Amino acid sequence: MGIYNKLSNDERQNILDLYASGMTIKNIATATNRATGSVGNVIKGVTNRAKPVPPERLQQISDAYLNNKDTLACASQFGISRGYIYQLLDKNNIDRQKPSEYTRKYYLNENYFEQLTQESAYWLGFLLADGCLYQDKYSKRIQLCLAQKDEAHLEMFRNAITDTPLYHGHSKLSGKDRYHVRLTISSEKVYSSLIKLGLFPRKSLVHDTPIIPEHLMAPMYLGYFDGDGSVYAAQSQTQRGKKYGINIVGPQSFCLKFQSWMFDKTQAHLNIAQLNCADGKLYSLRGATEASIRILTFLYEKSDIFLSRKFNIYKQMIYDHSSERSRVRPKLPESVWNAAIQLCRQI
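Here we summarise the structure given alongside this text. Position labels on residues start from 1 in each chain and follow its written sequence. With pLDDT at 70 or above as the cut-off, local features in this predicted model cover only qualifying residues; side-chain atom pairs require 80 or more to be listed or tallied, and sums for whole chains, interfaces and linings still use all residues. The basis for the side-chain values is all heavy atoms of the structure; hydrogens and waters are excluded.

## Section: the overall build of the protein
Here is step 1 of the chain: Looking only at helices and strands, the protein features 15 helices and eight strands.
Here is step 2 of the chain: Each residue's exposure class comes from its accessible area (1.4 Å probe, protein chains only) as a fraction of the maximum for that residue type: buried when under 20%, exposed when over 50%, partly exposed otherwise. Sorting the 347 residues of the protein into buried and exposed places 44% on the buried side.
Here is step 3 of the chain: Of the contacts made within the protein by residues no fewer than 6 positions apart, 64% connect residues no fewer than 24 positions apart.
Here is step 4 of the chain: Reported accessibility uses the Shrake-Rupley method at a 1.4 Å probe radius. Residues are deemed covered only where the shown protein chains occlude them. Summing over all exposed atoms, the protein offers an accessible surface of approximately 19,400 Å²; the carbon and sulfur share of this is 48%. Secondary structure follows DSSP: runs of H or I at least 4 residues long count as helices, runs of E at least 2 residues long count as strands, and numbering of each begins at the N terminus. Residue contacts follow a heavy-atom distance rule, with two residues in contact if any of their heavy atoms lie within 4.5 Å.

The structure is reproduced here in structure tokens:
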């Protein structure tokens, strides 16, 4: 316990000097053999400001913080309080973490969408189709929920950005159990990165095409197709074999840009039609077998990531229409057939 004798002016100045150096009141009390209340009264009664920190010391503290973003470790390293570190960071315009970030339990690459790559562009498109952004007064979150059969695909995204565990759940739809798997990421920085790229809460009926570099459009569109598109096979009523096609759903502006971009790249025509749902705000793009092969071959060539379940239908489509037993082979350039067959052999 500290002593309670009256403090001299020299002792008061010593306390203020120690406080200005970054020491906590408790540490000052121990060093000076004074009660913490007495030390606190000196600091509160004389000044509310710490003396300027020498530039070299400030640089050391800021470098340590920027390297590991751990205020507790910095406080221990320099023998100062966490609050004092925050004062220094704010005073010198150094961005600091939010409480939700420095209490983070699991690893998260918060810069994942800052500089887009082929991989992150794919997941941008997938989130545009199937992801949700939430914001409340406590946090900003990104959520991606898929059917349990696509758990491996969600695990692929999780491994790319975080080690947050997946949540497994189920709900009832039309009396049937529907099992799903969900990933939730709480991060203001990741949230803000996606906002800058064109995503936002409640986007399903009104989102547009993200503005990203041209060479990343194909993986982004494939990600969107894997999230909100389908490739299907149906028994043909007029010819032997199956009839294949693709379908993509989205707002009108997005669909028109998708349609135009795909035609420019592949000369494949997609039919657009308004859907009788969501107050007519959703549209559908449909392509027959020839357009499906042109578009999917082009997209799969441009991305190393894809939803295996849909790619397997594409492979079957190529096999059915390229084999000698097929009576109806779409009129496609040999270069397209060769590329499609090569893809199916490699993957």
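## Considerations on the packing of aromatic side chains
Aromatic ring pairs are described here by two measures, namely the spacing of the ring centres and the angle between the planes.
Here is step 1 of the chain: Pairing of aromatic side chains requires ring centres within 6.5 Å, counting the rings of Phe and Tyr and the six-membered ring of Trp. Pairs whose planes differ by under 30 degrees are stacked, by over 60 edge-to-face, and all others tilted. What the rule picks out here adds up to 17 aromatic pairs.
Here is step 2 of the chain: Judged by centre distance (4.9 Å) and plane angle (85°), the ring pair of Y122 and W123 falls under edge-to-face.
Here is step 3 of the chain: The exposure class assigned to Y122 is buried, which follows from its relative accessible area of 0%.
Here is step 4 of the chain: Members of the aromatic cluster, joined through ring pairs, are Y112, F113, Y122, W123, F126 and F157.
Here is step 5 of the chain: In this structure, K310 is placed above the aromatic ring of F225, and the distance from its NZ or CZ to the ring centre is 5.3 Å. Consider the ring centre and the ring normal. A charge sits over the ring if Lys NZ or Arg CZ is within 6 Å of that centre and within 35 degrees of that normal.

## Points about the environment of Q60
Here is step 1 of the chain: Topologically, Q60 is positioned in helix α4 (residues 55–68).
Here is step 2 of the chain: When its relative accessible area of 44% is taken as the criterion, Q60 is described as partly exposed.
Here is step 3 of the chain: Once the C-alpha coordinates of Q60 and F78 are considered, the two residues, 18 residues apart in sequence, prove to be 9.2 Å apart.

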